[in-house]
Amino acid sequence: MRKVNRRTKVVILTVFMMVILIAIYAFGMLIPDDAAGSFLHAKQPPSLAHPFGTDALGRDLLLRTFKGMSVSMTVGTAASAISAVFAVFVGVAAAAGSKRVDAFINWVIDIVMGVPHTILVILISFAMGRGLKGLLVGIAATHWCSLARLIRGEVLQLRSMQYVAVSRKLGKSGRWILAHHLLPHLGPQFFVGLVLMFPHAILHEASVSFLGFGLPPEQPAIGMILSESMRYIGAGMWWPAVLPGLTLVLIVLLIDKLGDNLRMVMDPYSAQE
Amino acid sequence: MALEAKNVFFRYGRKQPWILEDCTLKIDKGERLAVSAPSGYGKTTLALLLAGYLKPAKGEILLDDKPLPTKGICPVQLIFQHPEKAINPRWRLRRVLEESGKLREDMLDAFGIERAWLDRFPRELSGGELQRFCVARALMSGADYLICDEISTMLDVITQAQIWNVVLAEAEKHNMGIIAVTHNQHLAARIAARTIDLSENFK
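Residues numbered from 1 in each chain as written. Chains lettered and ligands numbered in written order. Predicted model: local features only at pLDDT ≥ 70, side-chain atom pairs only at ≥ 80, totals over all residues. Heavy atoms only, no water.

Draft legend 1. Expanded view of the nonpolar core. Core analysis: the biggest nonpolar cluster contains 74 residues, and Leu 3, Val 76, Phe 111, Phe 133, Leu 146 and Trp 164 of chain B have the highest contact counts within it. If one sorts the elements of this core by residue count, helix α4 (residues 127-140) of chain B sits on top with 8 residues. Sequence-distant contacts of Val 76 of chain B, that is, excluding residues within four places in its chain, are made with Leu 3, Leu 50, Ala 51, Leu 63, Leu 68, Tyr 145 and Ile 147 of chain B. Of all hydrophobic cores here, the second largest spans 28 residues; its members include Leu 21, Leu 61, Val 192 and Ile 202 of chain A. (Core = buried A, V, L, I, M, F, W, Y, C linked by side-chain atoms within 4.5 Å. Buried < 20%, exposed > 50% of the residue type's maximum accessible area, 1.4 Å probe, protein only. Helix = DSSP H or I, 4+ residues; strand = E, 2+ residues; numbered from the N terminus. Contact = heavy atoms within 4.5 Å.)

Draft legend 2. Spotlight on the packing of aromatic side chains. All names here are of chain A. In the structure shown here, the tally under the stated rule is 10 aromatic pairs over all chains. Where Phe 86 meets Trp 144, the ring centres are 5.1 Å apart and the plane angle is 90 degrees; that geometry is what we call edge-to-face. In this pair, Phe 86 sits in helix α2 (residues 61-96) while Trp 144 sits in the loop between α5 (131-142) and α6 (145-159), placing the two residues 58 residues apart along the sequence. Taken together, a centroid distance of 5.8 Å and an interplanar angle of 90 degrees make the contact between Trp 238 and Trp 239 edge-to-face. The partly exposed category is assigned to Trp 238, whose relative accessible area is 43%. (Phe/Tyr/Trp six-rings, centres within 6.5 Å; stacked < 30°, edge-to-face > 60°.)

Draft legend 3. Up close: the packing of α2 of chain A against helix α10 (residues 239-266) of chain A. All names here are of chain A. Across the interface, α2 lies against α10 with an axial gap of 10 Å and an inter-helix angle of 35 degrees. As α2 packs across α10, the resulting crossing turns out to be right-handed. Contact residues: α2 offers Leu 61, Thr 65 and Met 69, while α10 offers Trp 239, Pro 240, Pro 244, Thr 247, Leu 248 and Ile 251. In the contact of α2 with α10, the residues fall into 7 nonpolar, 2 polar and no charged. (Axes fitted to C-alpha atoms, helices over the stretch in contact; angles between N-to-C directions. Left-handed = near helix turned anticlockwise from the far one by under 90°. Nonpolar A, V, L, I, M, F, W, Y, C, P; charged D, E, K, R; others polar.)

Draft legend 4. Main features of α2 of chain A. Taking 1.5 Å of rise per residue, 36 residues should cover 52 Å, and α2 of chain A covers 51 Å from first to last C-alpha, within 8% of that figure. A side-chain oxygen of the first residue of α2 of chain A lies 3.3 Å from the backbone nitrogen of Leu 62 of chain A; this N-cap is Asp 60 of chain A. (Expected span 1.5 Å × (residues − 1). Polar contact = N/O pair within 3.5 Å; in protein donor to acceptor, adjacent residues only side chain to side chain.)

Draft legend 5. Broad picture of the sheet that holds strand β6 (residues 76-79) of chain B. Residues and elements named next belong to chain B. Sheet architecture is open: 5 strands sit in the order β6-β7-β8-β3-β9, paired in parallel fashion. Either end of the sheet is taken by a strand with one partner, and the two such strands are β6 and β9 (194-197). Adjacent strand axes in the sheet meet at a mean angle of 20 degrees, parallel and antiparallel pairs treated alike. Relative to strand β8 (residues 177-181), strand β7 (residues 145-149) is paired through 5 bridges, and the arrangement is parallel. Note that in β8 the partner of Tyr 145 across the bridge is Gly 177. Packed on one face of the sheet, helix α1 (residues 43-50) meets β3 (32-36), β6, β7 and β8 and runs near 155 degrees to β7. Along the sheet, α4 makes contact with β6 and β7, crossing β6 at roughly 180 degrees. (Pairing = 2+ DSSP bridges.)

Draft legend 6. View of the interface of chain A and chain B. Listed as interface residues are 18 residues of chain A and, on the opposing side, 22 residues of chain B. Counting each side, the surface lost to burial between chain A and chain B is near 1,700 Å², with a carbon and sulfur contribution of 56%. Looking at the side of chain A facing chain B, the largest losses of area belong to Gln 162, Lys 169 and Leu 170 of chain A, adding up to 42% of the total buried there. In this structure, the connection of chain A to chain B is made through 0 salt bridges. Those elements that place two or more of their residues in the side of chain A that touches chain B are α7 (162-169) and α8 (174-211) of chain A. Ranked by the residues each element gives to the side of chain A that touches chain B, the list is headed by α7 of chain A, at 7 residues. Broken down by class, the residue content of the side of chain A that touches chain B amounts to 8 nonpolar, 7 polar and 3 charged. (Buried area = accessible area lost by both parts, 1.4 Å probe. Salt bridge = Lys/Arg side-chain N within 4 Å of Asp/Glu carboxyl O.)

Draft legend 7. Structural context of the environment of Phe 210 of chain A. All names here are of chain A. When you line up the elements, Phe 210 lands in helix α8. Note: C-alpha distance between Phe 210 and Gly 223 (13 residues apart in sequence) is 4.3 Å. Setting aside anything within four residues of it in sequence, one finds Phe 210 in contact with Gly 223, Leu 226, Ser 227 and Met 230.

Draft legend 8. Representation of the sheet that holds strand β4 (residues 58-63) of chain B within the structure. Residues and elements named next belong to chain B. Taken together, the 4 strands give an open sheet; going across it, the order is β2-β1-β4-β5, and neighbouring strands pair in antiparallel fashion. Here the strands that pair on one side only, and so sit at the sheet edges, are β2 (20-28) and β5 (66-67). As paired elements, strand β1 (residues 2-10) and β4 share 5 bridges and run antiparallel to each other. Within β4, the position partnered with Phe 9 by the bridge is Lys 58.

Draft legend 9. A look at a nonpolar patch on the surface. Taken together, the side chains of Trp 238, Val 242, Leu 246, Val 249, Leu 250 and Leu 253 of chain A present a nonpolar region at the surface, about 580 Å² in accessible area. Here Leu 253 of chain A lies in helix α10. (Patch = residues over 30% accessible without salt bridge, like charges linked within 9 Å, V, L, I, M, F, W, Y side chains within 5 Å. Areas by Shrake-Rupley, 256 points an atom, 1.4 Å probe, with all protein chains shown as cover.)

So, in C-alpha coordinates, the structure goes:
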(Lines give C-alpha, C1' and ligand atoms only; values in the text may rest on other atoms or scores of the structure.)
Protein backbone atom coordinates (compact mmCIF):
# COMPACT_ATOMS: atom_id res chain seq x y z
CA MET A 1 0.00 0.00 0.00
CA ARG A 2 1.22 3.47 -0.84
CA LYS A 3 1.99 5.56 2.18
CA VAL A 4 0.91 9.18 2.25
CA ASN A 5 2.80 11.25 4.79
CA ARG A 6 1.18 13.84 6.99
CA ARG A 7 2.43 16.82 5.08
CA THR A 8 1.03 15.56 1.80
CA LYS A 9 -2.26 14.83 3.53
CA VAL A 10 -2.47 18.36 4.88
CA VAL A 11 -1.65 19.83 1.48
CA ILE A 12 -4.33 17.73 -0.24
CA LEU A 13 -6.86 18.68 2.43
CA THR A 14 -5.99 22.36 2.07
CA VAL A 15 -6.40 22.32 -1.69
CA PHE A 16 -9.72 20.46 -1.28
CA MET A 17 -10.98 23.13 1.15
CA MET A 18 -9.96 25.91 -1.20
CA VAL A 19 -11.83 24.24 -4.06
CA ILE A 20 -14.99 23.99 -1.90
CA LEU A 21 -14.78 27.63 -0.91
CA ILE A 22 -14.19 28.81 -4.45
CA ALA A 23 -17.08 26.62 -5.64
CA ILE A 24 -19.43 28.17 -3.06
CA TYR A 25 -18.30 31.63 -4.05
CA ALA A 26 -18.72 30.97 -7.78
CA PHE A 27 -22.12 29.33 -7.25
CA GLY A 28 -23.31 32.33 -5.27
CA MET A 29 -22.04 34.78 -7.87
CA LEU A 30 -23.91 32.96 -10.66
CA ILE A 31 -27.27 33.35 -8.92
CA PRO A 32 -29.07 36.44 -10.23
CA ASP A 33 -29.64 39.25 -7.74
CA ASP A 34 -33.39 39.27 -8.10
CA ALA A 35 -34.23 35.60 -7.77
CA ALA A 36 -37.82 36.51 -7.12
CA GLY A 37 -40.09 34.02 -5.45
CA SER A 38 -43.78 33.50 -5.67
CA PHE A 39 -46.18 34.02 -2.80
CA LEU A 40 -47.69 30.66 -3.71
CA HIS A 41 -44.60 29.01 -2.24
CA ALA A 42 -44.13 31.32 0.73
CA LYS A 43 -43.17 30.01 4.15
CA GLN A 44 -42.59 26.42 3.05
CA PRO A 45 -40.52 24.20 5.34
CA PRO A 46 -37.47 22.41 3.87
CA SER A 47 -38.40 19.97 1.12
CA LEU A 48 -36.72 18.38 -1.90
CA ALA A 49 -37.67 21.29 -4.14
CA HIS A 50 -36.44 23.85 -1.59
CA PRO A 51 -33.82 22.16 0.65
CA PHE A 52 -33.62 25.19 2.95
CA GLY A 53 -37.32 26.05 2.66
CA THR A 54 -38.65 29.41 1.51
CA ASP A 55 -39.00 32.74 3.29
CA ALA A 56 -42.05 34.94 3.80
CA LEU A 57 -41.79 36.31 0.25
CA GLY A 58 -41.55 32.84 -1.27
CA ARG A 59 -37.87 33.11 -2.18
CA ASP A 60 -35.77 29.95 -2.10
CA LEU A 61 -33.56 30.18 0.99
CA LEU A 62 -30.83 27.89 -0.33
CA LEU A 63 -30.17 30.24 -3.25
CA ARG A 64 -30.42 33.26 -0.99
CA THR A 65 -28.00 31.76 1.52
CA PHE A 66 -25.37 31.02 -1.08
CA LYS A 67 -25.85 34.39 -2.71
CA GLY A 68 -25.44 35.93 0.73
CA MET A 69 -22.35 33.84 1.43
CA SER A 70 -20.69 35.03 -1.74
CA VAL A 71 -21.46 38.65 -0.87
CA SER A 72 -20.05 38.07 2.60
CA MET A 73 -16.96 36.42 1.15
CA THR A 74 -16.37 39.40 -1.13
CA VAL A 75 -16.60 41.73 1.85
CA GLY A 76 -14.40 39.38 3.91
CA THR A 77 -11.73 39.06 1.24
CA ALA A 78 -11.55 42.75 0.48
CA ALA A 79 -11.62 43.81 4.14
CA SER A 80 -9.03 41.32 5.32
CA ALA A 81 -6.76 42.04 2.34
CA ILE A 82 -6.82 45.79 3.05
CA SER A 83 -6.35 45.08 6.72
CA ALA A 84 -3.41 42.70 6.21
CA VAL A 85 -1.55 45.04 3.85
CA PHE A 86 -2.07 47.87 6.33
CA ALA A 87 -0.82 45.62 9.11
CA VAL A 88 2.41 44.91 7.24
CA PHE A 89 3.04 48.62 6.67
CA VAL A 90 2.34 49.48 10.30
CA GLY A 91 4.28 46.51 11.68
CA VAL A 92 7.35 47.23 9.61
CA ALA A 93 7.17 50.94 10.38
CA ALA A 94 6.96 50.21 14.10
CA ALA A 95 9.89 47.83 14.07
CA ALA A 96 12.13 49.69 11.63
CA GLY A 97 11.29 53.27 12.55
CA SER A 98 12.42 55.32 15.51
CA LYS A 99 11.48 54.54 19.10
CA ARG A 100 8.90 57.33 19.06
CA VAL A 101 7.12 55.90 16.00
CA ASP A 102 7.13 52.50 17.65
CA ALA A 103 5.63 53.87 20.86
CA PHE A 104 2.97 55.78 18.96
CA ILE A 105 1.95 52.77 16.87
CA ASN A 106 1.78 50.55 19.94
CA TRP A 107 -0.40 53.14 21.62
CA VAL A 108 -2.78 53.22 18.63
CA ILE A 109 -2.91 49.41 18.57
CA ASP A 110 -3.77 49.35 22.28
CA ILE A 111 -6.56 51.85 21.75
CA VAL A 112 -8.09 50.06 18.77
CA MET A 113 -7.85 46.72 20.55
CA GLY A 114 -9.29 48.21 23.71
CA VAL A 115 -12.59 49.17 22.05
CA PRO A 116 -14.91 46.23 21.29
CA HIS A 117 -14.67 45.51 17.57
CA THR A 118 -18.39 45.30 16.92
CA ILE A 119 -19.05 48.74 18.37
CA LEU A 120 -16.20 50.26 16.40
CA VAL A 121 -17.37 48.63 13.16
CA ILE A 122 -20.92 49.91 13.79
CA LEU A 123 -19.67 53.44 14.48
CA ILE A 124 -17.40 53.60 11.43
CA SER A 125 -19.92 51.94 9.15
CA PHE A 126 -22.69 54.29 10.33
CA ALA A 127 -20.48 57.36 9.98
CA MET A 128 -19.54 56.39 6.44
CA GLY A 129 -23.17 56.09 5.42
CA ARG A 130 -23.62 52.35 5.88
CA GLY A 131 -23.65 50.17 2.78
CA LEU A 132 -20.79 48.13 1.40
CA LYS A 133 -18.22 50.92 1.62
CA GLY A 134 -18.83 51.75 5.25
CA LEU A 135 -18.77 48.12 6.23
CA LEU A 136 -15.53 47.48 4.34
CA VAL A 137 -13.76 50.44 5.92
CA GLY A 138 -15.13 49.56 9.34
CA ILE A 139 -13.93 45.97 9.23
CA ALA A 140 -10.60 46.83 7.63
CA ALA A 141 -9.93 49.51 10.25
CA THR A 142 -10.43 47.17 13.20
CA HIS A 143 -8.75 43.92 12.18
CA TRP A 144 -5.14 44.88 11.49
CA CYS A 145 -3.93 45.15 15.09
CA SER A 146 -2.94 41.62 16.01
CA LEU A 147 -1.26 40.94 12.68
CA ALA A 148 0.60 44.25 12.91
CA ARG A 149 1.90 43.22 16.34
CA LEU A 150 2.97 39.85 15.03
CA ILE A 151 4.82 41.41 12.11
CA ARG A 152 6.45 44.00 14.34
CA GLY A 153 7.83 41.22 16.53
CA GLU A 154 8.99 39.26 13.53
CA VAL A 155 10.81 42.22 12.01
CA LEU A 156 12.44 43.08 15.34
CA GLN A 157 13.71 39.53 15.60
CA LEU A 158 14.92 39.44 12.00
CA ARG A 159 16.72 42.73 12.38
CA SER A 160 18.82 41.29 15.17
CA MET A 161 20.00 38.41 12.99
CA GLN A 162 23.70 38.21 12.21
CA TYR A 163 23.20 38.04 8.47
CA VAL A 164 21.33 41.36 8.53
CA ALA A 165 24.22 42.94 10.43
CA VAL A 166 26.67 41.44 7.93
CA SER A 167 24.62 42.81 5.07
CA ARG A 168 24.82 46.29 6.57
CA LYS A 169 28.61 45.97 6.85
CA LEU A 170 28.72 44.92 3.20
CA GLY A 171 27.39 48.36 2.40
CA LYS A 172 23.72 47.60 1.84
CA SER A 173 21.20 50.32 2.64
CA GLY A 174 18.33 49.92 5.06
CA ARG A 175 15.84 49.90 2.22
CA TRP A 176 17.77 47.19 0.36
CA ILE A 177 17.87 45.04 3.48
CA LEU A 178 14.15 45.55 4.02
CA ALA A 179 13.33 44.45 0.47
CA HIS A 180 15.77 41.54 0.23
CA HIS A 181 16.21 40.18 3.75
CA LEU A 182 13.12 41.14 5.75
CA LEU A 183 10.04 41.23 3.51
CA PRO A 184 10.53 37.76 1.95
CA HIS A 185 10.52 36.32 5.47
CA LEU A 186 7.16 37.92 6.22
CA GLY A 187 5.35 36.20 3.33
CA PRO A 188 4.01 33.21 5.28
CA GLN A 189 3.03 35.36 8.28
CA PHE A 190 1.18 37.73 5.99
CA PHE A 191 -0.64 35.02 4.10
CA VAL A 192 -1.68 32.99 7.12
CA GLY A 193 -2.67 36.14 8.99
CA LEU A 194 -4.83 37.12 6.04
CA VAL A 195 -6.65 33.79 5.91
CA LEU A 196 -7.20 33.68 9.67
CA MET A 197 -8.57 37.23 9.58
CA PHE A 198 -11.12 36.23 6.97
CA PRO A 199 -13.61 34.38 9.24
CA HIS A 200 -13.55 37.28 11.71
CA ALA A 201 -14.35 39.70 8.92
CA ILE A 202 -17.28 37.56 7.69
CA LEU A 203 -18.71 37.17 11.18
CA HIS A 204 -18.47 40.89 11.83
CA GLU A 205 -20.09 41.64 8.51
CA ALA A 206 -22.95 39.28 9.36
CA SER A 207 -23.42 40.59 12.88
CA VAL A 208 -23.36 44.26 11.89
CA SER A 209 -25.80 43.60 9.02
CA PHE A 210 -27.97 41.65 11.45
CA LEU A 211 -28.08 44.63 13.76
CA GLY A 212 -29.09 46.81 10.82
CA PHE A 213 -25.98 48.98 10.52
CA GLY A 214 -24.38 47.21 7.60
CA LEU A 215 -25.57 46.23 4.17
CA PRO A 216 -28.90 47.56 2.87
CA PRO A 217 -31.96 45.31 3.30
CA GLU A 218 -32.28 44.49 -0.40
CA GLN A 219 -28.84 42.91 -0.47
CA PRO A 220 -29.09 39.17 0.29
CA ALA A 221 -26.33 39.04 2.92
CA ILE A 222 -26.34 36.34 5.57
CA GLY A 223 -26.81 38.94 8.27
CA MET A 224 -29.89 40.31 6.50
CA ILE A 225 -31.43 36.82 6.13
CA LEU A 226 -30.90 36.09 9.81
CA SER A 227 -32.27 39.49 10.76
CA GLU A 228 -35.44 38.94 8.68
CA SER A 229 -35.88 35.45 10.09
CA MET A 230 -36.24 36.86 13.60
CA ARG A 231 -39.62 38.30 12.63
CA TYR A 232 -41.06 34.89 11.83
CA ILE A 233 -39.34 32.67 14.34
CA GLY A 234 -42.17 33.29 16.82
CA ALA A 235 -44.55 31.75 14.31
CA GLY A 236 -42.64 28.49 14.32
CA MET A 237 -40.63 29.19 11.16
CA TRP A 238 -37.31 27.78 12.34
CA TRP A 239 -35.68 27.14 8.97
CA PRO A 240 -34.84 30.71 7.87
CA ALA A 241 -32.82 31.15 11.06
CA VAL A 242 -31.27 27.74 11.63
CA LEU A 243 -30.18 26.62 8.17
CA PRO A 244 -28.47 29.82 6.90
CA GLY A 245 -26.96 30.30 10.36
CA LEU A 246 -25.54 26.81 10.32
CA THR A 247 -24.15 27.33 6.84
CA LEU A 248 -22.40 30.47 8.02
CA VAL A 249 -20.87 28.65 10.98
CA LEU A 250 -19.74 25.73 8.82
CA ILE A 251 -18.10 27.96 6.25
CA VAL A 252 -16.37 30.03 8.88
CA LEU A 253 -15.06 26.85 10.52
CA LEU A 254 -13.89 25.63 7.13
CA ILE A 255 -11.93 28.82 6.47
CA ASP A 256 -10.47 28.75 9.97
CA LYS A 257 -9.31 25.19 9.45
CA LEU A 258 -7.90 26.18 6.08
CA GLY A 259 -5.86 28.90 7.76
CA ASP A 260 -4.55 26.47 10.36
CA ASN A 261 -3.55 24.01 7.66
CA LEU A 262 -1.83 26.73 5.68
CA ARG A 263 0.10 27.70 8.76
CA MET A 264 1.18 24.11 9.26
CA VAL A 265 2.44 23.92 5.70
CA MET A 266 4.06 27.36 5.48
CA ASP A 267 5.37 28.05 8.94
CA PRO A 268 8.98 26.82 9.09
CA TYR A 269 8.63 25.89 12.77
CA SER A 270 5.80 23.43 12.25
CA ALA A 271 6.56 22.45 8.65
CA GLN A 272 8.52 19.41 9.81
CA GLU A 273 5.75 17.97 11.99
CA MET B 1 47.80 52.71 8.13
CA ALA B 2 46.50 50.90 11.17
CA LEU B 3 43.41 49.66 12.94
CA GLU B 4 43.48 50.39 16.62
CA ALA B 5 41.40 50.18 19.76
CA LYS B 6 42.16 53.05 22.14
CA ASN B 7 41.33 52.58 25.84
CA VAL B 8 38.15 50.75 25.01
CA PHE B 9 35.59 49.97 27.72
CA PHE B 10 32.54 47.86 27.04
CA ARG B 11 29.68 46.23 28.93
CA TYR B 12 26.32 44.83 27.87
CA GLY B 13 23.96 47.13 29.77
CA ARG B 14 24.45 49.58 32.60
CA LYS B 15 24.15 47.10 35.44
CA GLN B 16 26.41 44.49 33.88
CA PRO B 17 30.08 44.14 34.78
CA TRP B 18 32.70 45.46 32.37
CA ILE B 19 33.63 42.89 29.73
CA LEU B 20 36.54 44.93 28.43
CA GLU B 21 38.33 47.49 30.56
CA ASP B 22 40.83 49.93 29.13
CA CYS B 23 41.67 47.67 26.25
CA THR B 24 44.23 48.99 23.79
CA LEU B 25 45.59 47.24 20.76
CA LYS B 26 46.92 48.18 17.38
CA ILE B 27 47.41 46.27 14.18
CA ASP B 28 49.16 47.57 11.07
CA LYS B 29 48.10 46.86 7.56
CA GLY B 30 49.60 43.56 6.48
CA GLU B 31 50.18 42.45 10.07
CA ARG B 32 48.81 39.22 11.50
CA LEU B 33 47.71 39.11 15.13
CA ALA B 34 46.19 36.34 17.20
CA VAL B 35 43.94 37.00 20.21
CA SER B 36 43.43 34.25 22.72
CA ALA B 37 41.80 33.94 26.13
CA PRO B 38 39.61 31.47 28.02
CA SER B 39 35.84 31.60 27.46
CA GLY B 40 34.10 34.69 28.74
CA TYR B 41 37.01 37.09 28.53
CA GLY B 42 35.52 39.18 25.74
CA LYS B 43 37.22 37.83 22.64
CA THR B 44 34.06 37.95 20.56
CA THR B 45 33.08 41.29 22.08
CA LEU B 46 36.44 42.72 21.05
CA ALA B 47 35.95 41.33 17.54
CA LEU B 48 32.48 42.91 17.31
CA LEU B 49 33.85 46.24 18.55
CA LEU B 50 36.75 46.29 16.10
CA ALA B 51 34.47 45.54 13.16
CA GLY B 52 32.00 48.23 14.21
CA TYR B 53 29.10 45.92 15.11
CA LEU B 54 29.12 47.35 18.63
CA LYS B 55 29.98 50.81 19.92
CA PRO B 56 32.39 51.06 22.86
CA ALA B 57 31.03 52.64 26.04
CA LYS B 58 34.27 54.60 26.46
CA GLY B 59 37.30 54.90 24.22
CA GLU B 60 37.33 54.63 20.46
CA ILE B 61 38.03 52.38 17.52
CA LEU B 62 40.17 54.12 14.92
CA LEU B 63 40.98 53.17 11.36
CA ASP B 64 43.87 55.30 10.04
CA ASP B 65 43.20 57.73 12.92
CA LYS B 66 39.56 58.18 11.87
CA PRO B 67 36.42 56.48 13.23
CA LEU B 68 35.12 53.52 11.24
CA PRO B 69 32.94 54.55 8.29
CA THR B 70 29.24 53.83 8.89
CA LYS B 71 28.16 53.90 5.25
CA GLY B 72 29.32 51.81 2.31
CA ILE B 73 31.31 48.60 2.41
CA CYS B 74 33.19 48.49 5.69
CA PRO B 75 36.96 48.03 5.21
CA VAL B 76 37.01 45.92 8.37
CA GLN B 77 35.12 42.67 7.83
CA LEU B 78 34.25 40.18 10.53
CA ILE B 79 33.79 36.47 9.97
CA PHE B 80 31.58 34.84 12.58
CA GLN B 81 32.00 31.60 14.45
CA HIS B 82 28.67 30.13 13.32
CA PRO B 83 28.26 30.40 9.55
CA GLU B 84 24.67 29.15 9.63
CA LYS B 85 23.67 32.30 11.55
CA ALA B 86 25.55 34.64 9.25
CA ILE B 87 23.75 33.46 6.12
CA ASN B 88 20.13 34.15 5.25
CA PRO B 89 18.49 30.69 5.36
CA ARG B 90 16.15 31.61 2.50
CA TRP B 91 18.84 32.57 0.03
CA ARG B 92 20.60 30.32 -2.42
CA LEU B 93 24.34 30.44 -1.86
CA ARG B 94 25.08 32.18 -5.15
CA ARG B 95 23.08 35.13 -3.84
CA VAL B 96 24.95 35.01 -0.54
CA LEU B 97 28.28 35.40 -2.34
CA GLU B 98 27.00 38.02 -4.74
CA GLU B 99 25.93 40.18 -1.81
CA SER B 100 29.56 41.28 -1.48
CA GLY B 101 30.12 41.90 -5.18
CA LYS B 102 30.83 39.93 -8.30
CA LEU B 103 31.66 36.23 -8.02
CA ARG B 104 35.37 35.51 -8.33
CA GLU B 105 36.02 32.14 -9.94
CA ASP B 106 39.56 31.89 -8.54
CA MET B 107 38.14 32.30 -5.04
CA LEU B 108 35.67 29.47 -5.56
CA ASP B 109 38.47 27.20 -6.76
CA ALA B 110 40.76 28.18 -3.91
CA PHE B 111 38.15 27.25 -1.33
CA GLY B 112 37.11 24.11 -3.16
CA ILE B 113 33.55 25.39 -3.54
CA GLU B 114 31.79 23.15 -6.03
CA ARG B 115 29.68 24.95 -8.63
CA ALA B 116 26.65 22.79 -7.76
CA TRP B 117 26.64 24.22 -4.21
CA LEU B 118 25.89 27.68 -5.55
CA ASP B 119 22.32 26.72 -6.39
CA ARG B 120 21.59 25.07 -3.05
CA PHE B 121 20.07 26.43 0.13
CA PRO B 122 22.22 26.87 3.26
CA ARG B 123 20.53 24.01 5.14
CA GLU B 124 21.63 21.60 2.43
CA LEU B 125 25.31 22.19 3.17
CA SER B 126 27.44 21.33 6.18
CA GLY B 127 28.93 23.89 8.59
CA GLY B 128 32.38 23.57 7.06
CA GLU B 129 31.05 24.15 3.59
CA LEU B 130 29.05 27.16 4.74
CA GLN B 131 32.04 28.66 6.50
CA ARG B 132 33.94 28.65 3.21
CA PHE B 133 31.16 30.78 1.77
CA CYS B 134 31.35 33.20 4.68
CA VAL B 135 35.12 33.56 4.35
CA ALA B 136 34.88 33.91 0.58
CA ARG B 137 32.17 36.57 0.99
CA ALA B 138 34.37 38.57 3.36
CA LEU B 139 37.43 38.28 1.11
CA MET B 140 35.51 39.24 -2.02
CA SER B 141 34.31 42.49 -0.42
CA GLY B 142 37.85 43.81 -0.78
CA ALA B 143 38.37 44.48 2.93
CA ASP B 144 41.65 45.83 4.30
CA TYR B 145 41.30 44.08 7.63
CA LEU B 146 39.83 40.69 8.35
CA ILE B 147 38.74 39.70 11.84
CA CYS B 148 38.29 35.95 12.17
CA ASP B 149 36.26 35.03 15.26
CA GLU B 150 37.02 31.35 15.79
CA ILE B 151 36.23 30.67 12.17
CA SER B 152 37.76 27.21 12.08
CA THR B 153 36.77 25.88 15.50
CA MET B 154 34.14 23.46 14.26
CA LEU B 155 36.03 22.26 11.20
CA ASP B 156 38.15 19.16 10.76
CA VAL B 157 41.88 19.84 10.59
CA ILE B 158 42.19 19.37 6.84
CA THR B 159 39.47 21.93 6.13
CA GLN B 160 40.97 24.25 8.75
CA ALA B 161 44.32 24.11 6.99
CA GLN B 162 42.71 24.62 3.59
CA ILE B 163 40.73 27.68 4.68
CA TRP B 164 43.60 29.28 6.54
CA ASN B 165 45.98 28.74 3.62
CA VAL B 166 43.63 30.60 1.31
CA VAL B 167 43.06 33.38 3.83
CA LEU B 168 46.78 33.85 4.44
CA ALA B 169 47.63 33.76 0.73
CA GLU B 170 44.92 36.31 -0.02
CA ALA B 171 46.09 38.51 2.87
CA GLU B 172 49.64 38.34 1.56
CA LYS B 173 48.55 39.29 -1.93
CA HIS B 174 46.45 42.30 -0.93
CA ASN B 175 48.46 43.31 2.15
CA MET B 176 45.52 42.79 4.51
CA GLY B 177 45.68 42.92 8.28
CA ILE B 178 44.36 39.84 10.06
CA ILE B 179 43.15 39.41 13.63
CA ALA B 180 42.52 35.77 14.45
CA VAL B 181 40.52 35.04 17.58
CA THR B 182 41.21 31.49 18.67
CA HIS B 183 41.49 29.05 21.55
CA ASN B 184 44.07 27.01 19.73
CA GLN B 185 47.63 27.95 20.75
CA HIS B 186 49.20 26.00 17.91
CA LEU B 187 46.99 27.60 15.31
CA ALA B 188 47.76 31.02 16.79
CA ALA B 189 51.49 30.38 16.64
CA ARG B 190 51.24 29.06 13.09
CA ILE B 191 49.29 31.94 11.54
CA ALA B 192 50.20 35.02 13.54
CA ALA B 193 53.39 36.89 14.15
CA ARG B 194 52.27 37.97 17.61
CA THR B 195 49.68 36.75 20.11
CA ILE B 196 47.93 38.67 22.84
CA ASP B 197 46.10 37.04 25.72
CA LEU B 198 43.10 39.00 26.93
CA SER B 199 43.14 37.28 30.31
CA GLU B 200 46.67 38.54 31.03
CA ASN B 201 46.77 41.94 29.41
CA PHE B 202 43.49 43.49 30.32
CA LYS B 203 42.21 42.00 33.54
